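# Report on the structure
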Amino acid sequence: MSADSQIYRASTTAPVNIAVIKYWGKRDTALNLPTNSSLSVTLSQKSLRTHTTASASSSYSGQDSLILNGEEEDIQSSKRTQACLKHLRSLRAELEDKDSSLPKLSSFPLRLVSSNNFPTAAGLASSAAGFAALVRAIADLYELPQSPEQLSLIARQGSGSACRSLQGGFVAWRAGTEADGSDSKSQEVAPVEHWPTMRALILVVSAEKKGVPSTAGMQTTVETSTLAPARFTEIVPRRMKEIEKAIQEKDFETFGRITMQDSNSFHAICLDSWPPIHYLNDVSRAAMNAVETANRKAGKIIAAYTFDAGPNAVIYYEKENAHLVAGVFKNVLARVSGWEGEFSDEIRPNEYGSLEQKTLMTLKSGVSRVICTGIGGGPEKIDRHLVDEHGQPVSSE
Ligand code: DP6
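Definitions and cut-offs
- Residues numbered from 1 in each chain as written.
- Predicted model: local features only at pLDDT ≥ 70, side-chain atom pairs only at ≥ 80, totals over all residues.
- Heavy atoms only, no water.
- Helix = DSSP H or I, 4+ residues; strand = E, 2+ residues; numbered from the N terminus.
- Rg over C-alpha atoms; globule rule 2.2 N^0.38 Å.
- Buried < 20%, exposed > 50% of the residue type's maximum accessible area, 1.4 Å probe, protein only.
- Contact = heavy atoms within 4.5 Å.
- Areas by Shrake-Rupley, 256 points an atom, 1.4 Å probe, with all protein chains shown as cover.
- Lys, Arg positive; Asp, Glu negative; His and termini not counted.
- Charge placed at Lys NZ, Arg CZ, Asp CG, Glu CD.
- Phe/Tyr/Trp six-rings, centres within 6.5 Å; stacked < 30°, edge-to-face > 60°.
- Domains from an automatic or database assignment.
- Buried area = accessible area lost by both parts, 1.4 Å probe.
- Salt bridge = Lys/Arg side-chain N within 4 Å of Asp/Glu carboxyl O.
- Polar contact = N/O pair within 3.5 Å; in protein donor to acceptor, adjacent residues only side chain to side chain.

### Examining the overall build of the protein chain
For the protein chain, the count of helices and strands is nine helices and 16 strands. Computed over the C-alpha atoms, the radius of gyration of the protein chain is 21 Å, within 12% of the 21 Å expected from 2.2 N^0.38 for a compact globule of 397 residues. Its C-alpha atoms put the protein chain at 70 × 45 × 40 Å along the principal axes. Looking at the protein chain as a whole, 56% of its 397 residues qualify as buried. Taking contacts inside the protein chain between residues at least 6 apart in sequence as the whole, the part at least 24 apart equals 76%. For the protein chain, the accessible area works out to roughly 17100 Å², and carbon and sulfur atoms hold 50% of it. Each charge class in the protein chain was averaged separately, 42 positive and 45 negative side chains, and the resulting centres sit 4 Å apart.

Written as structure tokens, this is what we have:
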């Protein structure tokens, strides 16, 4: 193969993150700047991750392309993807200008291939992992020196929550105050090793109909909710401080209380929007009920629920309470698939008391899958490419 037709490749995997202080509202839609800071837990990639290969070659014809889970995506009309690609290319072009021996990757078409190890339709924050993997893989392909924090400025333009998936452990997205968004980026609050016993049980709930997409929902909330301004200016800034302290001190009771309060506050401003936005359903409420029952029985907060823009429940707990939290759900949902997950060995069915009949029946009929996972690290560079040495997409992993 002649030097100028070489296929350049880099591959990465990136995690999903689930916020405990929610991002909901934009102060600038073009730059994707949030109305408030947010904070999330990065989840283990063993259960949930996006694998992306970025490749570039002068032998590629046509425009940049992306194949996601085997399907060609229209990235030309996606302003957000275009913003990410443009930014990454300009950083590569700067390197090429400084060092003329570098191959001119910035001028080659990009061929991107990506796949999730979980169903995209399950509504599990796939855009966060997706944009984080895309940005990281291209940054590696271009050999960019930028730090994860600096790359988060780019991923943010793809999808706000994606900026928090460029790091592992507990990650804040600082809203920033600059008009150009230059200080609106992610920051690691604590690494995985600080609190490795943090677990997350995900109950996948099927929605009857597709909910309002988050971008549109946020705009409705910003424009119409009477409760939202207090959340943006007072409630979230106070909670950010409190939860960061709780994380530093590994104080689960405070961490759990704020997590539940903030999820409820986010769904309250959704309900207070006009037209109102409903993401939770009866199954979500049954999961809340089960968590509240477990906490009541324990006499303290040992489990915390949180819900994004859909009915799926994510329940945080510590390893030592696996049988009292995940065990309660295992009693009810033993036949549902997913219990064989990463931390399933810790989960024993428990005799700690049962749930009321209605909660039990609602969970049984509404949860289609469970995922037992925990906290995890940031993106990882890997050698397994989804584009072969001839530039062709590899059909399956
Ligand atoms: C409810 O990051 O999907 O999950 O920036 O418009 O792409 P865009 O929104 P997105 O919103 C996520 C909202 C949330 C809360 C959160 O993850 O903080």
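After that view, the rundown keeps rolling.
### A closer look at the packing of aromatic side chains
The final tally for this structure, using the stated rule, is 11 aromatic pairs. Centre to centre, the rings of F252 and F255 are 5.7 Å apart; their planes meet at 50 degrees, and the pair counts as tilted. Of the two residues, F252 and F255 are both situated in helix α6 (residues 252-271); the distance of three residues between them amounts to about one turn of the helix. The pair F252 / F255 is uniform in exposure class, with both members buried. Taking the centre distance of 5.8 Å and the plane angle of 45 degrees together, the rings of Y305 and F307 count as tilted. For the pair Y305 and F307, a shared accessibility class is recorded, and that class is buried.

### Remarks on the domain arrangement of the protein chain
We note that the domain assignment places domain 1 (8-192) and domain 2 (198-374) within the protein chain. The straight-line distance from the C-alpha centre of domain 1 to that of domain 2 is 26 Å. Taken together, the contact pairs 32 residues of domain 1 with 42 residues of domain 2. For the pairing of domain 1 and domain 2, the buried interface totals around 3000 Å² over both sides, and the portion due to carbon and sulfur atoms is 68%. Scanning the region where domain 1 abuts domain 2 turns up three salt bridges. Linking R174 and E244 is a salt bridge whose minimum nitrogen-to-oxygen distance equals 2.9 Å. At the junction of domain 1 with domain 2, the criterion picks out 13 residue pairs in polar contact (both at pLDDT 80 or more). Put simply, the parts of the chain that give the side of domain 1 that touches domain 2 at least two residues each are β2 (17-21), β5 (38-42), β10 (170-174) and β11 (185-190).

### Points about the side chain of S40
If you trace the backbone, S40 turns up in strand β5. At 3.3 Å, the side chain of S40 and the side chain of N17 are in polar contact. Those residues within four positions of S40 in sequence are excluded, and the remaining contacts are N17, I18, A19, V20, R164, G169, F170 and V171.

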